[in-house]
Amino acid sequence: GVVGGGYNAAECDTSSCTDTRGKGIIVFDLRNGQTLWSYRWGNATGNTTSPDMGYAIPSQVALIDGDYDGYLDHGYVGDLKGNMWQIQFCTKTNLETDANCSTSSWKGSLLLDKLGGSDKYPIYMPPTVVRDRNSDIWIYWTSGSVIDPTNNDPAAYVYGLKPLLCRNETTGDPQPCLRSDLENITSDKNTYCGSTVKTWGWYINLAGKSEKVLAQPVAFDNVLYFTSFLPAQGASVTCTKTGLARLYAISIDPG
């Protein structure tokens, strides 16, 4: 079993932390509940802690077998700041070079770094994982406060990313991609085309004031569907809590 640490509103900085609840990813044995491996907040060096994991992880973890060897090899999950994290278990390549690859070889890392700035883009839903016609793995995810959908958070982001490209080209270890590595296709005049330039993916910043996505996106027949909620603005909305619902459909075919 692989789970996020759970919801907790308290934040940590890189020098100290008085409330570490929720700030981690845990892998446990389903037979007896024993913790097999964890990746959590901490200043210690190594593969099991990160000083950047200062925000809780309430989302489920998306898990994949990317190399078709019958074993899960990667996991992806977001936090309440808007960072996306990745886990690398034993891949087929790892096992070919190290037949004894085990939990001590597993690695955690940021997948997409949203550490800069004070704005939060909380992720409550796991990413949607699909393959395109070129057999490239993509993950799609969105941000939005499920526990407070009428708040004044900045408008949500929608991401499409090839996660297996976010790695060190020499060692193969996972490493962060940055939003600046992605194509900004917020305008409907901009499109993503990764055939000639090594671009990791794309992102969209929704246009509505405090517009947020409150459910996992769905990919079907080369189209990504997701809904959003646009809270009403003005002094009277505290009582009414009204707003607008939207449905988006984005072509995600690489052609």
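Fair warning: this is a prediction, and the values are worked out from it, not measured in the lab.

Visitor: For this particular structure, what's the right way to read the environment of T142?
Guide: Structurally, T142 is set in strand β10 (residues 137–142). T142 sits in the buried class, given a relative accessible area of 5%. A sequence separation of 86 residues divides T142 from S228, and the C-alpha atoms of the two residues are 9.7 Å apart. Those residues in contact with T142 that lie beyond four places of it in its chain are I123, Y157, V158, V213, A215 and P217.

Visitor: Which parts of the structure should I look at to understand unusual backbone geometry?
Guide: Negative phi characterises most residues that are not glycine, and trans characterises most peptide bonds. You will see that S210, though not glycine, has its phi angle at about 60°, which is positive. Here S210 shows up in the loop between β14 (201–205) and β15 (218–220). Even without a glycine there, the phi angle at D221 is positive, about 55°. With respect to the helices and strands, the residue D221 is situated in the loop between β15 and β16 (223–231). A residue is classified by how much of its surface remains accessible, and D221, at 61% relative accessible area, is exposed.

Visitor: I would appreciate a short explanation of the environment of Y203 in the present structure.
Guide: Within the fold, Y203 resides in strand β14. For Y203, a relative accessible area of 13% gives the class buried. On a C-alpha basis, the gap between Y203 and S180 in space is 9.8 Å, while along the polypeptide they are 23 residues apart. The contacts of Y203, once residues within four sequence positions are left out, are Y157, V158, Y159, R179, L182, E183, N184, I185 and T186.

Visitor: Please clarify how the sheet that holds strand β8 (residues 107–113) should be interpreted in this entry.
Guide: The strands making up a sheet associate through backbone hydrogen bonding, with each pair oriented either parallel or antiparallel. The mixed open sheet is built from five strands, whose spatial order is β5-β6-β7-β8-β12. Of all strands in the sheet, those with a lone pairing partner are β5 (62–64) and β12 (177–178), marking the two edges. As judged from the three bridges shared by β5 and strand β6 (residues 74–78), these two strands associate in the antiparallel manner. What sits directly across from L63, in β6, is G75.

Cut-offs and rules
- Counting from 1, residues in each chain are numbered in the order their sequence is written.
- pLDDT decides what is reported in this predicted model: residues at 70 or higher carry local features, side-chain atom pairs at 80 or more are listed and counted, and totals for whole chains, interfaces and linings draw on all residues regardless.
- The basis for every side-chain value is the complete set of non-hydrogen atoms in the structure, without hydrogens or water.
- We count a stretch as a helix when DSSP gives it H or I for four or more residues in a row; a strand needs E for two or more, and each element gets its number in order from the N terminus.
- Burial here depends on accessible area, computed with a 1.4 Å probe over protein chains only, as a share of the maximum for the residue type. Under 20% is buried, over 50% is exposed, and the range in between is partly exposed.
- Here, residues are in contact when the closest pair of their heavy atoms is within 4.5 Å.
- For two strands to count as paired, DSSP must find a minimum of two bridges between them.

The values reported here are purely geometric and, on their own, carry no functional implication.
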